[in-house]
Amino acid sequence: MALQPQNERPFGFRDKLGYLFGDFGNDFTFIFAGSYLTLFYTDVLGVSAGLVGVLFVVARCVDAFTDVGMGRLVDTLPPSRGGRFRPWILRVCVPVALASVLMYLYFARSWPYAGKVAYMFATYIFWGSICYTAINIPYGSMASVLSADAGERASLSTFRSVGAMLANLIIAAATPLFLFRTAADGTQTVIPERFTVIAVVYGVCAVACYLLCYALCRERVQAAPPREAKRQSFASLAKALAGNRALTAVIGAALLLLLASLLGQGMNMYLFKDYFNSADMLSLVGFAGVLPMLALAPFAAKLSKRFGKKEAGCVGVGVAAAAYLLMWALRLRSVWAYIGLMLVGSVGVGFFNMVIWAFITDVIDYQEVRTGSRDDGTVYAVYSFARKLGQALAGGVVGFALAAIGYVSSTGHVVQTQPVREGIYTISTLVPGLSYLGVFLVLLLAYPLTKKRVEENAAKRHRSRSGPGRAHGPRRIRYSFPPGFSGTHIYHQKREGKHMKHILPINEGWAFVKGCETAPAAIPAGAARVDLPHCWNALDGQDG
């Protein structure tokens, strides 16, 4: 498919800011769930950690259908007045916030165990597999229609990551201060009622951010209808996506990245509460994880443009892998030393997180070059499902690993044994370290879109869109002019309410045919090719 610019205001800072608010809103519920939902299930509801792991795996099986289904829905439905993707943000912003609040009802702890399990499954699947899918798939797909320029879309990836970092900063810094209390023996426990209060506050913040995203962003690019009358079948689309090496590599990297990042977030609650006995340090950990990313944000797009997204991303996750593997090997007892090395790892993975969304727009372009069809929503939906699968693996690993090392789930105050605390430390460092190392290897060995390849794909897409009947870039005009006509032609065109001057070079590529009274359909083989100005006297020595 080709992209056709719509009659909208030019892409600018308003769109970047609006796109930032979109992920700001997403992560008020997503990061809160990733960081604290397992803790709510085990320490408030008293559900076993193993059963929590089963929940996350089952939910991702549901996502296999809802994510791809939502992607096909937004790709196939005709656009509304507000665009193809943007209206979904307005439609779903309130339901997704309400669904998030329903997951943290503290009074469910008094229900029978079977009722708590049913409540846990129903509310989590309703939030993650239905409501969050219905807003996140259109939001992520919208990046490809806010601008057709690769550099501008890379800047959207950076702004999206900044939005996620701001939500992460607020959740990581503020939540522990409000959620935990210190027991008489010096250990720390959660305050059940405050889960519900915090969920309401974050839900309201999410809706406000979504509304700002809707108000500030504008869709400018639309997919032109395919030349073939026959619609692409789902089976052929699935086959084409499976053959997209860049997409499969990004999916593999996403699985490992989410496993490392979300497992770290989930285990941090237990690591600092039970191993370091310093749950109050979680606020500082939040700053340590986010501030380096904010510092890198102004340089992320420039570094990616200079060295390439793949090349720069490899360096980032390589640094993160080295930091976490070193923490595992040292078996640190000092909470300050641990936070220091975590800070180093956060710099590496933070940089990669700021550019990974630009990987997806490159993958969509690669799909267009390979097949002639972009399928923005479907490609993003497949990637989103992979991210949710990574989230499930992280949540499942947290639950299963805690159960395996003997963690005791209880609604009361329980002191974990030393082997359990040591196991928590190992899971928190070794698994993320190996996962980041896996991301590094996948990018290095399997992901094909190097800086050179991305530039080649951009050139191919430009050529394919500059076919007959399309006006892209300078055009050479071949028709006769009076004698003495100079070598450039200046014309004016009204575009987006402004009169713009364009200079078209017409000196090169003229073809002259002797005795031709009418313009031929094609240039004859014997035509004389010349560039202007040209003098025939240099060839035949005659006047004229």
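Basis of the calculations
- Residues numbered from 1 in each chain as written.
- Predicted model: local features only at pLDDT ≥ 70, side-chain atom pairs only at ≥ 80, totals over all residues.
- Heavy atoms only, no water.
- Helix = DSSP H or I, 4+ residues; strand = E, 2+ residues; numbered from the N terminus.
- Buried < 20%, exposed > 50% of the residue type's maximum accessible area, 1.4 Å probe, protein only.
- Contact = heavy atoms within 4.5 Å.
- Phe/Tyr/Trp six-rings, centres within 6.5 Å; stacked < 30°, edge-to-face > 60°.
- Lys NZ or Arg CZ within 6 Å of the ring centre and 35° of its normal.
- pLDDT = per-residue confidence, 0-100.
- Patch = residues over 30% accessible without salt bridge, like charges linked within 9 Å, V, L, I, M, F, W, Y side chains within 5 Å.
- Areas by Shrake-Rupley, 256 points an atom, 1.4 Å probe, with all protein chains shown as cover.
- Salt bridge = Lys/Arg side-chain N within 4 Å of Asp/Glu carboxyl O.
- Axes fitted to C-alpha atoms, helices over the stretch in contact; angles between N-to-C directions.
- Parallel < 35°, antiparallel > 145°, perpendicular 65-115°, else oblique.
- Left-handed = near helix turned anticlockwise from the far one by under 90°.
- Expected span 1.5 Å × (residues − 1).
- Polar contact = N/O pair within 3.5 Å; in protein donor to acceptor, adjacent residues only side chain to side chain.
- Core = buried A, V, L, I, M, F, W, Y, C linked by side-chain atoms within 4.5 Å.

**Observations regarding the overall build of the protein**
- When you go through the protein residue by residue, the secondary structure sums to 16 helices and eight strands.
- Across the 544 residues of the protein, 52% fall into the buried class.
- Once local pairs closer than 6 in sequence are excluded, the contacts in the protein between residues at least 24 apart make up 80%.

**Quick notes on the packing of aromatic side chains**
- Counted according to the given criterion, the structure contains 29 aromatic pairs.
- Where Phe 30 meets Tyr 132, the ring centres are 5.5 Å apart and the plane angle is 20 degrees; that geometry is what we call stacked. Taken together, the positions of Phe 30 in helix α1 (residues 13-44) and Tyr 132 in helix α4 (residues 113-141) put the pair 102 residues apart, joining distant regions of the chain. Of the two residues, Phe 30 and Tyr 132, both sit in the buried class.
- Both rings, one in Phe 40 and one in Phe 195, keep their centres 5.0 Å apart while their planes meet at 65 degrees; by these two values the pair is edge-to-face. A residue pair is termed long-range when its members are at least 10 positions apart, and Phe 40 in helix α1 and Phe 195 in helix α7 (residues 192-216) qualify at 155 residues. Taken as a pair, Phe 40 and Phe 195 share a single burial class, namely buried.
- An aromatic cluster of three or more residues is present, and its members are Phe 21, Phe 24, Phe 28, Phe 32, Tyr 36, Phe 40, Tyr 41, Tyr 104, Phe 195 and Tyr 202.
- Above the face of the Tyr 214 ring, Arg 86 is positioned so that its terminal group lies 4.0 Å from the ring centre.

**Digging into the confidence of the model for the protein**
- Summarising the model, the protein shows a mean pLDDT of 78, and 75% of its residues fall at 70 or more.
- Note on residues 224-230: pLDDT under 50 across the span, and five contacts to partners over four residues away in sequence or across chains.

**Description of a nonpolar patch on the surface**
- Taken together, Leu 434, Leu 437, Leu 441, Leu 444 and Leu 445 make up a surface patch of nonpolar side chains, about 460 Å² in accessible area.
- You can see Leu 441 is positioned in helix α14 (residues 418-445).
- Looking at Leu 441, the relative accessible area reads 40%, which means it is partly exposed.

**Quick look at the packing of helix α11 (residues 309-330) against α14**
- Where α11 meets α14, the closest approach of the two axes is 8 Å, and the angle between their N-to-C directions is 155 degrees. Taken together, α11 and α14 sit at an angle that is classed as roughly antiparallel. Crossing of α11 over α14 shows left-handed handedness.

**Some points on the side chain of Ser 155**
- Following the sequence through the fold, Ser 155 ends up in helix α6 (residues 150-179).
- Residue Ser 155 is classed as buried on the basis of its relative accessible area of 10%.
- Each residue touching Ser 155, except ones within four places of it in the same chain, is listed here: Phe 11 and Lys 16.

**Some remarks on α11**
- Relative to the 32 Å expected for 22 residues at 1.5 Å per residue, α11 spans 32 Å between its end C-alpha atoms, a close match to the ideal helical length.
- Within α11 the residues assigned to the buried category are Lys 309, Lys 310, Ala 312, Gly 313, Cys 314, Gly 316, Val 317, Ala 320, Ala 321, Ala 323, Tyr 324 and Met 327.
- At the C-terminal side of α11, Arg 331 shows a positive phi close to 50 degrees.

**Side note on unusual backbone geometry**
- The backbone of Asn 277 sits at a positive phi, close to 55 degrees, despite the residue not being glycine.
- The topology assignment puts Asn 277 in the loop between α9 (245-275) and α10 (282-307).
- Residues other than glycine seldom take positive phi values, yet Arg 331 does so here, at roughly 50 degrees.
- Relative to the elements of secondary structure, Arg 331 occurs in the loop between α11 and α12 (335-371).

**Describing the side chain of Ser 129**
- On the secondary structure map, Ser 129 appears in helix α4.
- Among the polar contacts made by the side chain of Ser 129, one reaches the main-chain carbonyl oxygen of Ala 59 at a distance of 3.4 Å.

**A look at the environment of Leu 449**
- Relative to the elements of secondary structure, Leu 449 occurs in the loop between α14 and α15 (451-465).
- Taking relative accessible area as the criterion, Leu 449 reaches 3% and is therefore assigned buried.
- In this structure, the C-alpha to C-alpha distance between Leu 449 and Lys 309, residues 140 residues apart in sequence, is 8.5 Å.
- Not counting chain neighbours up to four residues away, the residues in contact with Leu 449 comprise Ala 246, Lys 310, Asp 362, Val 363, Tyr 366, Val 454 and Asn 457.

**What about the nonpolar core?**
- In terms of nonpolar packing, the biggest core is built from 150 residues, with Met 142, Phe 195 and Phe 272 touching the most fellow members.
- In terms of residue count, the dominant contributor to this core is α9 (19 residues).

**What to know about the environment of Met 267**
- Considering the arrangement of structural elements, one finds Met 267 in helix α9.
- Met 267 sits in the buried class, given a relative accessible area of 0%.
- When residues no more than four places from it in sequence are discounted, the contact partners of Met 267 are Val 398, Leu 402, Ile 424, Ile 427 and Ser 428.

**Section: the pattern of salt bridges**
- Applying the stated criterion across every chain, the model contains nine salt bridges.
- The partner of Arg 220 in a salt bridge is Asp 15, and the shortest N-O contact between them spans 3.0 Å. Note that Arg 220 is positioned in the loop between α7 and β4 (221-223) and Asp 15 in helix α1, a separation of 205 residues in sequence.
- Across the pair Arg 333 and Glu 422 runs a salt bridge whose closest N-O atoms are separated by 2.7 Å. Residue Arg 333 is located in the loop between α11 and α12, and its partner Glu 422 is located in helix α14; the two are separated by 89 residues in the primary sequence.
- Owing to a relative accessible area of 56%, Arg 333 belongs among the exposed residues under this scheme.
- Salt bridges sharing partners connect three or more residues here, namely Asp 43, Lys 273 and Asp 274.

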